[in-house]
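So the chains spell out like this:
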Amino acid sequence: MQNPVEPTAAENERLLTDGRHLRSAASRQRIMDAMLALVQEGNPDPRAEDVAARAGVGLRTVFRLFRDMETVVAEMLAAQRQEYIDCFLAKFEVPPGPERMRELFGRLADLYERRMPVRRAAVIRRYTSPSLAAGMRELDAAVAGFIHAQQLGLSEHQQIMLNLLVSYDTWMRLRDSQGLDYDQALATLRQAMAQILPTA
């Protein structure tokens, strides 16, 4: 029977380094998940102490893995960005045109509703975070590009109005300021879109 080969010092060091990296990555993810959970629960600006407690890590760990709380927020929002992009990339059931525009809005409305607390946090921080402001402008521009690609035959003003109707900001205004529930907001915006989109 052969004796097992003892790992070298270099191999031991590599294993230790890999283990530390894995633990750091896991801690980073727990911190971002904790931030998201707190924001989703209605706290748009959680304290570092609250995030650390929810993540089950020490406060020093938060600031060892992230430069500051703004960095935690920026990375959390970057992860949510993919959900938004997926609304545009997922397969559509209808060809380009008015019905595809309606299909996209249905996807966006579901996302808007689910992630409204995250958007509130982003709105609060956008004026002090150039990276967040740029990211929000990028997502808003994605809708404008999608509308243009549908070749709907709309005037420039109609395209601008359609962009406004399907925007995150309009959804939040109807839900927060106007006090409409989900179904009311959805019906209101679908009816307004019908005044702009050409019929089949």
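Predicted model, so just to flag it, every value in this text is computed and none were measured.

### Describing the environment of aspartate 110
Here aspartate 110 lies in helix α5 (residues 98-114). The class of aspartate 110 is partly exposed, set by a relative accessible area of 40%. Taking the C-alpha atoms as reference points, aspartate 110 and leucine 186, separated by 76 residues in sequence, lie 9.6 Å from one another.

### As for the packing of helix α4 (residues 69-89) against helix α6 (residues 116-125)
Contact geometry of α4 with α6 gives a least axis separation of 11 Å together with a crossing angle of 135 degrees. Classified by the interaxial angle, the pair formed by α4 and α6 is oblique. Two packed elements cross with a definite hand, and for α4 against α6 that hand is left-handed. Note on element contacts: α6 touches α4 through Val118, Ala122 and Arg125, opposite Glu70, Val73, Met76, Leu77 and Gln80.

### Some thoughts on α4
With 21 residues, α4 ought to run about 30 Å at 1.5 Å a step, and its terminal C-alpha atoms sit 31 Å apart, in line with that. At the N-terminal end of α4, a side-chain oxygen is found 3.2 Å from the backbone nitrogen of glutamate 70, two or three residues along, and the residue is aspartate 68.

### So, unusual backbone geometry
The residue glutamine 151 is not glycine, and still its phi comes out positive at about 50 degrees. Mapping glutamine 151 onto the fold places it in the loop between α7 (130-149) and α8 (156-165). Here glutamine 151 falls in the exposed class, since its relative accessible area comes to 74%.

### Looking at the layout of surface pockets
Of the pockets and cavities examined, the largest pocket occupies roughly 350 Å³. Leu77, Gln80, Arg81, Met136 and Leu139 are the residues nearest the centre of the largest pocket, which is lined by 19 residues in total. Of all elements in the fold, only α4, α6 and α7 reach the threshold of two or more residues within the lining of the largest pocket. Residues belonging to the lining of the largest pocket are distributed by class as follows: 11 nonpolar, 3 polar and 5 charged.

### Notes on the pattern of salt bridges
For the structure on display, the rule yields 13 salt bridges. A salt bridge links glutamate 75 to arginine 28; its shortest N-O distance comes to 2.6 Å. You can see glutamate 75 sitting in helix α4 and its partner arginine 28 sitting in helix α1 (residues 9-40), a full 47 residues away along the chain. Between arginine 54 and glutamate 41 there is a salt bridge, with the nearest N and O atoms lying 3.0 Å from each other. Here arginine 54 is found in helix α2 (residues 48-55), whereas its partner glutamate 41 is found in the loop between α1 and α2, with 13 residues between them in sequence. Its relative accessible area of 40% is what places arginine 54 among the partly exposed residues.

### Some remarks on α2
Regarding α2, the residues found buried are Ala48, Val51, Ala52 and Ala55. Seen along its axis, α2 keeps its buried residues to an arc of 100 degrees; they face one direction.

### Concerning the environment of arginine 107
With respect to the helices and strands, arginine 107 occurs in helix α5. Here the alpha-carbon distance between arginine 107 and alanine 90, two residues 17 residues apart in the chain, equals 9.9 Å. When near neighbours in sequence (up to four residues on either side) are disregarded, arginine 107 contacts Asp86, Cys87, Ala90, Lys91 and Phe92.

### Points about the packing of aromatic side chains
A full pass over the atoms with the stated rule returns 5 aromatic pairs. Relative to phenylalanine 88, the ring of tyrosine 84 has its centre 5.5 Å away and its plane inclined at 45 degrees; by these criteria the two rings are tilted. One end of the pair is tyrosine 84 and the other is phenylalanine 88, both in helix α4 and 4 residues apart, which spans about a single turn. Note on accessibility: tyrosine 84 and phenylalanine 88 belong to one class, buried. Consider the rings of tryptophan 171 and tyrosine 182, whose centres lie 5.5 Å apart with planes at 70 degrees: the pair is edge-to-face. Here tryptophan 171, found in helix α9 (residues 168-177), pairs with tyrosine 182, found in helix α10 (residues 182-194); they are 11 residues apart in sequence, far enough to count as distant. Its relative accessible area of 0% is what places tryptophan 171 among the buried residues. Under the relative-accessibility criterion, tyrosine 182 is labelled partly exposed at 23%. Here the aromatic cluster, defined as three or more aromatic residues joined through ring pairs, consists of Tyr84, Phe88, Phe92 and Phe146.

What counts and what doesn't
Residues numbered from 1 in each chain as written. Predicted model: local features only at pLDDT ≥ 70, side-chain atom pairs only at ≥ 80, totals over all residues. Heavy atoms only, no water. Helix = DSSP H or I, 4+ residues; strand = E, 2+ residues; numbered from the N terminus. Buried < 20%, exposed > 50% of the residue type's maximum accessible area, 1.4 Å probe, protein only. Axes fitted to C-alpha atoms, helices over the stretch in contact; angles between N-to-C directions. Parallel < 35°, antiparallel > 145°, perpendicular 65-115°, else oblique. Left-handed = near helix turned anticlockwise from the far one by under 90°. Contact = heavy atoms within 4.5 Å. Expected span 1.5 Å × (residues − 1). Polar contact = N/O pair within 3.5 Å; in protein donor to acceptor, adjacent residues only side chain to side chain. 1 Å grid on protein atoms, 1.4 Å probe; cavity = no way out; pocket = protein on both sides within 12 Å on 5 of 7 lines; lining within 4 Å. Points joined across faces, edges and corners; volume = space filled by probe spheres on them. Nonpolar A, V, L, I, M, F, W, Y, C, P; charged D, E, K, R; others polar. Salt bridge = Lys/Arg side-chain N within 4 Å of Asp/Glu carboxyl O. Arc of directions from axis to C-beta. Phe/Tyr/Trp six-rings, centres within 6.5 Å; stacked < 30°, edge-to-face > 60°.

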